[in-house]
Amino acid sequence: MGCGSCSSGGCGSNGTAVSGCGSKGTCGTGGCNKMNVFDWLSHMDVPSGQRFDVVEVKFKGGRKEYFRNINQLEFVTGDYVVCEMASGQHIGTVSLQGELVRLQMKRKNVLMNDDLHVIYRIATEKDLDKATQAMAREMPTLYRTREIIREMKLNMKLSDVEYQSDNTKTTFYYSSEERVDFRELIKMLASEFKVRIEMRQISLRQEASRLGGLGSCGRELCCSTWLTDFKNISTAAARYQNLSLNPAKLSGQCGRLKCCLNYELETYIDALRDIPTVDAPLRTKKGVATLQKTDIFKKIMWFGFDKDTNWYPVAIGKVLEIIELNKKDIIPESLEILTPEPERGLDKVPGKLNSDLENLDKKYSDEQKKKKKKKSRSGKNRGNGGNGNNGPNNAGGGNNEGNNNPGNNNNNKKPQQPSGNARQERKS
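The sections below set out a description of the structure shown in this document. Note that the structure is a prediction, hence the values are computed from the model and not measured.

## Section: helix α9 (residues 265-272)
- Among all positions of α9, only Leu265, Tyr268 and Ala271 are buried. The arc enclosing the buried residues of α9, seen along the axis, measures out at 125 degrees, which places them on a common side.
- Those residues of α9 that are buried are in contact with α7 (235-240).

Now the structure itself:
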């Protein structure tokens, strides 16, 4: 990140190589920074006497506070500054300055008065070394505190520890579903680490924003990159968007409903204004049609009949017409199927499928009949040819039916043998 305030050392604060793109926190895309802000008025030259003297400073975990620049110091976004705190001093990073700070304070209802702390100076090398030593104590303190909480059997989850840069104060961030009496815990921690202890309870969403991570979309969590205001989210947002009420899919890493459910909610609500409310099933002569689902943006409603597994798409205008007819006790013939062109081959009516099958059956039955007729004709022709060669009686075009009849005695008679004289004449 290039912030010098993380405990992992991925930003180069521990003297190691910078993780990520290697730009050491100076990239223009903002992918290396957490809760980064783009100052689109930084190119404007404002006289020093007219500059807004409040500066926004960012600390560990994306926490931002406002400090007065009473010494009229020249800052550049990303500079490390030593700030006044309630007890001692702390080092933070300048994140925003100028007129945009005035707008941010107005949006967050921060009053411009003498209660705001001041910025002492730009951090020196000695200040940064002292802050680095304080950050090196955070992870051992976190593990040791968790062991103490486990020994005391307290129902709380410790998520993060932040040391003040002057090593005089430590803030413990924890989450719990119930009220916790940690007075004995504070005494043990004060005697263990020899610093002033502050326990700060945070919500589960704030815990997820401090820890960070990747969402189901593959991107970094919104709460750890840019989202600061956590709004209430209900399951009605999922119902408006026709999402399945599956807690595993609708919950984020914090265990609560995902904040992104509110991003497109207004668009869905505007689109639902044109969708009619179907309070009762539609009555047709084919049967009673029940609403199964609604395509909000295509403005198509899908209905299904009893004892029929198919769903039929109907345009919204047609649905309104059928509802008006049913109010007048007029029952239409059936629903009009308005299937889009690419889906017309998939969503066929069952009656048409049955008619196709019947046509195929007729076609194959006709072919079989034709084959049988051909076989019978060929058999007759063969029988007629054999009877014509058996005797001279058929040469004159005798009765074919009699020839083909197996009970005809004339055809079953053997030919007469020639007489002896005729044999001799033939021999001679």
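## Re the sheet that holds strand β6 (residues 157-163)
- Within the open sheet, the 3 strands sit side by side as β6-β7-β8. Their pairing is mixed. Taken across any chain shown, the strands that pair with only one partner, and hence form the sheet edges, are β6 and β8 (196-201). For this sheet, the mean inter-axis angle between neighbouring strands, taken without regard to orientation, is 25 degrees.
- Alignment of strand β7 (residues 169-175) against β8, held across 6 bridges, turns out to be parallel. Bridge pairing in β8 links Tyr173 to Arg200.
- Helix-sheet contacts for helix α3 (residues 138-152) involve β6 and β7, and the interaxial angle to β6 is about 145 degrees.

## Side note on the nonpolar core
- Formed by 19 residues in total, the largest nonpolar core has its most connected members in Met156, Leu158, Phe172, Leu185, Leu189 and Met199.
- For this core, the elements supplying multiple residues, two or more each, are α3, β6, β7, α4 (183-193) and β8.
- With residues up to four places along the chain from it excluded, the contact list for Met156 reads Ile149, Tyr174, Ser175, Ser176, Val180, Leu185 and Met199.
- Counting 14 residues, the second-largest nonpolar core is a separate cluster that includes Ile275, Phe303, Val314 and Ile316.

## Observations concerning unusual backbone geometry
- A positive phi angle, near 55 degrees, is found at Gln72, a position not held by glycine.
- Positionally, Gln72 belongs in the loop between β2 (64-68) and β3 (80-84).
- Positive phi is not limited to glycine here, since Lys307 has a value of about 60 degrees.
- Along the chain, Lys307 turns up in the loop between β11 (300-305) and β12 (311-315).

## As for helix α5 (residues 204-211)
- Residues of α5 that are buried: Arg205, Glu207, Ala208, Ser209 and Arg210.
- Elements in contact with the buried residues of α5: β6, β7 and α6 (222-225).

## Structural notes on the pairing of β3
- Taken together, the 5 bridges between β3 and strand β4 (residues 89-97) define a ladder with antiparallel strand orientation. When the bridges of β4 are listed, Tyr80 appears paired with Thr93.
- Taking the residues that link successive antiparallel strands as the turn, the β3-β4 hairpin has 4 residues, and the phi of Gly88 there is positive, at about 95 degrees.
- Pairing analysis gives 3 bridges linking β3 to strand β5 (residues 119-122), with the strands arranged antiparallel. Paired with Val82 across the bridge in β5 is Arg121.

## A word on the pairing of β7
- When you tally the buried positions in β7, you get 7 out of 7 residues, the bulk of the element.
- Neither face of β7 is open: one carries Lys169, Thr171, Tyr173 and Ser175, the other Thr170, Phe172 and Tyr174, and all of them are buried.
- Relative to β7, β6 is paired through 6 bridges, and the arrangement is antiparallel. Across the sheet, Val161 pairs through a bridge with Phe172, a residue of β7.
- Counted along the chain from β6 to the antiparallel partner β7, the turn is 5 residues long, and its residue Asn167 has a positive phi close to 60 degrees.
- As for the winding sense of the linkage, the β-α-β connection from β7 through α4 to β8 is right-handed.

Conventions we followed
Residues numbered from 1 in each chain as written. Predicted model: local features only at pLDDT ≥ 70, side-chain atom pairs only at ≥ 80, totals over all residues. Heavy atoms only, no water. Buried < 20%, exposed > 50% of the residue type's maximum accessible area, 1.4 Å probe, protein only. Helix = DSSP H or I, 4+ residues; strand = E, 2+ residues; numbered from the N terminus. Arc of directions from axis to C-beta. Contact = heavy atoms within 4.5 Å. Pairing = 2+ DSSP bridges. Axes fitted to C-alpha atoms, helices over the stretch in contact; angles between N-to-C directions. Core = buried A, V, L, I, M, F, W, Y, C linked by side-chain atoms within 4.5 Å. Right-handed = clockwise from strand over helix to strand, strands pointing away.

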